[in-house]
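So you can see what is in the structure, the chains are spelled out below.
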Protein chains: 4
Amino acid sequence: MSSTTSWREKLHEVIFEADTPVGKWFDIALIFCILASVLVVMLDSVAPVRRAYGPLLYLAEWVFTILFTIEYILRLICVGRPLKYARSFFGVIDLLAIVPTYLSLVLPGSQYLLVIRMLRIIRVFRVLKLVQYLQEAAVLSRALRASRRKIFVFLYTVFIMVIIIGSLMYMIEGEKSGFTSIPRSIYWAVVTLTTVGYGDIAPQTPLGQTLATLVMVMGYGIIAVPTGIVTVEMERNAQYARLSTQSCRQCAAEGHDSDAIYCKYCGEKL
Amino acid sequence: MSSTTSWREKLHEVIFEADTPVGKWFDIALIFCILASVLVVMLDSVAPVRRAYGPLLYLAEWVFTILFTIEYILRLICVGRPLKYARSFFGVIDLLAIVPTYLSLVLPGSQYLLVIRMLRIIRVFRVLKLVQYLQEAAVLSRALRASRRKIFVFLYTVFIMVIIIGSLMYMIEGEKSGFTSIPRSIYWAVVTLTTVGYGDIAPQTPLGQTLATLVMVMGYGIIAVPTGIVTVEMERNAQYARLSTQSCRQCAAEGHDSDAIYCKYCGEKL
Amino acid sequence: MSSTTSWREKLHEVIFEADTPVGKWFDIALIFCILASVLVVMLDSVAPVRRAYGPLLYLAEWVFTILFTIEYILRLICVGRPLKYARSFFGVIDLLAIVPTYLSLVLPGSQYLLVIRMLRIIRVFRVLKLVQYLQEAAVLSRALRASRRKIFVFLYTVFIMVIIIGSLMYMIEGEKSGFTSIPRSIYWAVVTLTTVGYGDIAPQTPLGQTLATLVMVMGYGIIAVPTGIVTVEMERNAQYARLSTQSCRQCAAEGHDSDAIYCKYCGEKL
Amino acid sequence: MSSTTSWREKLHEVIFEADTPVGKWFDIALIFCILASVLVVMLDSVAPVRRAYGPLLYLAEWVFTILFTIEYILRLICVGRPLKYARSFFGVIDLLAIVPTYLSLVLPGSQYLLVIRMLRIIRVFRVLKLVQYLQEAAVLSRALRASRRKIFVFLYTVFIMVIIIGSLMYMIEGEKSGFTSIPRSIYWAVVTLTTVGYGDIAPQTPLGQTLATLVMVMGYGIIAVPTGIVTVEMERNAQYARLSTQSCRQCAAEGHDSDAIYCKYCGEKL
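This is a predicted model, so every value here is computed, not measured. (Residues numbered from 1 in each chain as written. Chains lettered and ligands numbered in written order. Predicted model: local features only at pLDDT ≥ 70, side-chain atom pairs only at ≥ 80, totals over all residues. Heavy atoms only, no water.)

The helix and strand inventory of chain A stands at 12 helices and zero strands. For chain A, the sequential pattern of α-helices and β-strands runs α-α-α-α-α-α-α-α-α-α-α-α. Taken across its 270 residues, chain A has 48% of its residues classed as buried. By sequence separation, contacts in chain A at least 24 residues apart represent 52% of the contacts at least 6 residues apart. Total accessible area computed for chain A in this model is approximately 13100 Å², and 69% of it derives from carbon and sulfur atoms. (Helix = DSSP H or I, 4+ residues; strand = E, 2+ residues; numbered from the N terminus. Buried < 20%, exposed > 50% of the residue type's maximum accessible area, 1.4 Å probe, protein only. Contact = heavy atoms within 4.5 Å. Areas by Shrake-Rupley, 256 points an atom, 1.4 Å probe, with all protein chains shown as cover.)

For the rest of this paragraph, the subject is the side chain of C:Lys150. By secondary structure assignment, the location of C:Lys150 is in helix H9 (residues 148–173). Residue class for C:Lys150 comes out buried when judged on its relative accessible area of 11%. In this structure C:Lys150 touches C:Ile229, D:Glu136, D:Val139, D:Leu140 and D:Met234, once residues within four positions along its chain are discounted.

Turning our eyes to something else, we now look at the environment of D:Tyr156. On the secondary structure map, D:Tyr156 appears in helix H9 (residues 148–173). For D:Tyr156, the side chain forms a polar contact with the main-chain oxygen of B:Ile121, separated by 2.9 Å. (Polar contact = N/O pair within 3.5 Å; in protein donor to acceptor, adjacent residues only side chain to side chain.)

Moving on to the domain arrangement of chain A. One can read the domain layout of chain A as domain 1 (3–129) and domain 2 (146–236). For domain 1 of chain A versus domain 2 of chain A, the separation of C-alpha centres amounts to 40 Å. (Domains from an automatic or database assignment.)

Quick look at the packing of helix H2 (residues 21–44) of chain A against helix H3 (residues 47–78) of chain A now. Residue and element names in this part refer to chain A. Where H2 meets H3, the closest approach of the two axes is 9 Å, and the angle between their N-to-C directions is 145°. In terms of crossing hand, the pair formed by H2 and H3 is left-handed. Residues Phe26, Leu30, Cys33, Ile34, Ala36, Ser37, Val40, Val41, Leu43 and Asp44 of H2 form the contact with H3, whose participating residues are Val49, Arg50, Leu57, Ala60, Glu61, Phe64, Phe68, Glu71 and Arg75. (Axes fitted to C-alpha atoms, helices over the stretch in contact; angles between N-to-C directions. Left-handed = near helix turned anticlockwise from the far one by under 90°.)

Glancing now at the environment of D:Leu113. With respect to the element layout, D:Leu113 can be found in the loop between helix H6 (99–106) and helix H7 (124–127). Judged by relative accessible area, D:Leu113 falls into the partly exposed class, the value being 32%. As a C-alpha pair, D:Leu113 and D:Leu103 span 10 residues in sequence and 9.6 Å in three-dimensional space. Among residues more than four places away in sequence, those in contact with D:Leu113 are C:Leu168, C:Met171 and D:Pro100.

On inspection of all chains with the given rule, the structure shows 25 salt bridges over all chains. For the salt bridge of A:Arg120 with A:Glu71, the shortest nitrogen-to-oxygen distance reads 2.8 Å. Residue A:Arg120 is located in the loop between helix H6 (99–106) and helix H7 (124–127), and its partner A:Glu71 is located in helix H3; the two are separated by 49 residues in the primary sequence. A relative accessible area of 2% places A:Arg120 in the buried class. With relative accessibility at 6%, the residue A:Glu71 sits in the buried group. Between D:Arg120 and D:Asp94 there is a salt bridge, with the nearest N and O atoms lying 2.6 Å from each other. Of the two residues, D:Arg120 is situated in the loop between H6 and H7 and D:Asp94 in helix H5 (residues 89–96); the sequence distance between them amounts to 26 residues. (Salt bridge = Lys/Arg side-chain N within 4 Å of Asp/Glu carboxyl O.)

Next up on the list: the packing of aromatic side chains. Counted under the stated rule, the structure contains 28 aromatic pairs over all chains. For the ring pair C:Phe179 and C:Trp188, a centre distance of 5.5 Å and an interplane angle of 70° mean the geometry is edge-to-face. No difference in accessibility class separates C:Phe179 from C:Trp188, as the two residues are buried. Ring plane angle 75° and centroid distance 5.5 Å describe the contact between D:Trp62 and D:Tyr102, whose orientation is recorded as edge-to-face. Placement of the pair is D:Trp62 in helix H3 (residues 47–78) and D:Tyr102 in helix H6, with a sequence separation of 40 residues. Here the aromatic cluster, defined as three or more aromatic residues joined through ring pairs, consists of A:Tyr133, B:Phe152 and B:Tyr156. Here A:Arg149 stacks its cationic end above the ring of C:Tyr133, 5.9 Å away from the centre of that ring. (Phe/Tyr/Trp six-rings, centres within 6.5 Å; stacked < 30°, edge-to-face > 60°. Lys NZ or Arg CZ within 6 Å of the ring centre and 35° of its normal.)

Moving on, we get to the packing of helix H8 (residues 131–146) of chain A against helix H9 (residues 148–173) of chain B. A pair of packed helices can be characterised by two numbers: the angle between their axes and the separation between those axes. It is at 9 Å that the axes of H8(A) and H9(B) come closest, and there the two elements cross at 75°. When the axis of H8(A) is compared with that of H9(B), the two are roughly perpendicular. Mapping the contact onto sequence places A:Gln132, A:Tyr133, A:Glu136, A:Ala137, A:Val139 and A:Leu140 in H8(A) and B:Arg149, B:Lys150, B:Phe152 and B:Val153 in H9(B). In terms of residue class, the contact of H8(A) with H9(B) is built from six nonpolar, one polar and three charged. (Parallel < 35°, antiparallel > 145°, perpendicular 65-115°, else oblique. Nonpolar A, V, L, I, M, F, W, Y, C, P; charged D, E, K, R; others polar.)

Residue and element names in this part refer to chain A. Residues of chain A with pLDDT of at least 70 account for 84%, and the chain-wide mean is 82. Mean pLDDT across the elements of chain A bottoms out in H7 (66) and peaks in helix H10 (residues 182–193) (92). Taken together, the chains of this predicted complex give a pTM of 0.82 and an interface ipTM of 0.79. (pLDDT = per-residue confidence, 0-100.)

Moving on, we get to the nonpolar core. Counting 248 residues, the largest nonpolar core has A:Trp188, B:Trp188, C:Trp188 and D:Trp188 as the members making the most contacts within it. Ignoring sequence-local partners within four residues, the contact set of D:Trp188 consists of B:Tyr198, D:Ile165, D:Met169, D:Phe179, D:Ile201, D:Ala202, D:Pro203, D:Ala212 and D:Val215. (Core = buried A, V, L, I, M, F, W, Y, C linked by side-chain atoms within 4.5 Å.)

Right, let's talk about the side chain of C:Thr65 for a bit. All names here are of chain C. Of note, Thr65 is situated in helix H3 (residues 47–78). Looking at Thr65, the relative accessible area reads 0%, which means it is buried. In this structure the side chain of Thr65 is engaged in a polar contact, spanning 2.8 Å, whose partner is the backbone oxygen of Glu61. Beyond its immediate sequence surroundings of up to four residues, Thr65 is in contact with Ile98, Thr101, Tyr102 and Arg117.

Right, here's the structure in full:
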């Protein structure tokens, strides 16, 4: 029926788009609700606050969850292909955002997982039409995607290194120093290689401290590798932006340098 | 009256400018007073020194504050538009630099805020006519300004990540490990992601230590992102400084160096 | 005999190559065995697990070692030049991967060294024909190799610095602060310069803390050096990949892109 | 007398140059003596070793110091302008390398300063004729020198920031948290901003931990600035190496791009 269709279209306009004033205010209200609900669950985790306001916070959590559930159902109703939305990235996030509170009825303590609602706030960029931010975010993510193989090789190497270093340190230091097992020693190796350095475990023997010195200098230095990878990819992206936007009149090819006189593909003058 | 005007002009010359010898020496004396007053309040915070010299330091703090108050009033008097100065960045800093000591009469302990006077020392570059330093500072700050959107996207992502990681760790570790609330766990997540690693809170369970390992490697690696952003922006700035914006009148080619006299493509004069 | 030769060839095909289905499955099974054997020795180091499953784990370790020994012998048999293989990088790794378990009969506790088997997993890239990953790894390692002299100069400078800083701190802080000897102070200097910062030793005197401040700012800043070195080398590599080494036959110009067909300066075919 | 002059020349040849076999072996022996003497004083600082071998180590320290004193006197004798040598960088290092042991007769404990001898080992590059290492070191040091103003602006900003942050934290946390004075709080600010994070002092109040979070993210991020500065300078150095080495036949100017056809300074064909 045409009136039902226009009701669904209007709802779609409000919930999924932000072009109309209603749609925009809906999204702003949504973002505030998400932030408020996350704040509620954070306060709920602070023991003094929970003792003082526990029932109120619990009520607020459920109010928000019911609201978000109704919103999710409305989304399913007014979108063209509900299954396609439910399986998309945002659809899954929207679902995971309401599940934890229900899950906490079965598994106490799991309601804190609802902080995954924070990922829904990415829509703020679309609402406030911050196009430039979306572009810059796209540049960043394109550079990271282009570097993924080098980053994988790097992580793979680090993975093998920490296993070998952890095992060596386990053999050198032994249990009384805190290196009670190889997994724990690998944990120490990661803490040290990444220069976090908690100090909860630290080598006590001279040989162990010497190996630790090598690990620290290695960790300090090899951070240059992922930095170099990402910087070079971002530089390449920036350079593509510097190529001329001309296209050859004869063969329509693009991607000419700004100082090119002749098309490098067909030899005609630009 | 012309004599009053020339009195104000002369005062303006001394206080705001550093071209005359008197103006220059005023500024040098000012910088020394600022440094000395900050040193005084730092010594005042060291308990043994306060016990020994308390009254003397207190007197010195007030002497400096009275001096700076007189200086501020003189500035307001001899500048053309007092309100415009009072609302400018430096005007606000100059006011905030004298307020804390007065505030400490009402709010004990707030006099330490006067270290904000340190920001006034930025004028040292202008006094000593360190033009090149001002230029380089301008390059740095232009690069940072140009990167601001990418940096915002990055910080935003980190913000969402530490909330989710903190909540996960709160659920995994629980109170006996020190993860007493979600805010405290988020604090741990920031300490670990930034590789600071105090060690005041550290995961005790194997699952928690595994998640911590992921957080550490993430923090270690994603530092590549802001570094890449800033490096590419600084590279772009450096390149613009090397190319002139001229185009050859004969062959319309661009991309000439700033020191080029003849077009490198067709030989004609630029 | 031709049948024995083809038996050796077939074995070589299976063990060293991954082109045939059998060869591929052999390598996949090998990788699983390596991972499983490393997991076994890691579990063996965790005291509760060792108490519960000790004999079983010990048996598993020997089963894997026997399997790998048989595999190593088979490799020696079916390769053309056994000595050349035994002295190659992979040959040495393969041998070191089986020695520790035998060594533990003489030197208890040395079986944990067998985690060196993890280095054998590098073959996974060849098996799964991940050519692009091998290429990217080659780019990374070429950039690191090209930077080796600058990195050596850098490490050399850091080496001299930590010795001098460690000695200074030993003289300033003395034994009660934990700086019990120069080697231990050098260990502290490395922990601080690399920003790991365990906190197991930390300066207590004001002068020591002032020197520590300088060391920290130094360490924080000089990480820019290896990062700059590696980034510039990777940038150079990336540029060479984009330019072809051709020069135009007509006008002898260089610097053409690898996808150029016509010289961009004179329009002639390359 | 000609024989005395040739004696001095021969001595100069041996001590200052490394072209003759004698000169080369002198330098190698010198480096070994320096390393050995530093090792001796390091062992001397380890209490168990000092108890066991104290007198022997003390004797060794003096033997080395006498040897180096004789060498220093010989240098003064055989160089053309002794005062010029004594005031040069290496001359001062050579003197500072022998003074501490004499100083320890007056000021016990100062002999450890002799580790400054380690700076003398820089001559190893000249001895072993590692020209390429010297070149790469020159590139590194030229890049660092070119960045010095930006680095100064950066350090200056960090200096002002840690004073303000330290004072704020002192007012927020107070003495029971370990923030006993503003200097100590500034020390904490440096420890945190540089991501070293000892954990010897850490904020306890929620407000303090919130401010600490900001400081950590700031420190984590602003490391991008010196890294960007150094990387861009090294990139510029590398680019100068990529310019053609041609000089214009007419006006002898250099610094042309590799793709230039006409001299950009005088318009003549290259």
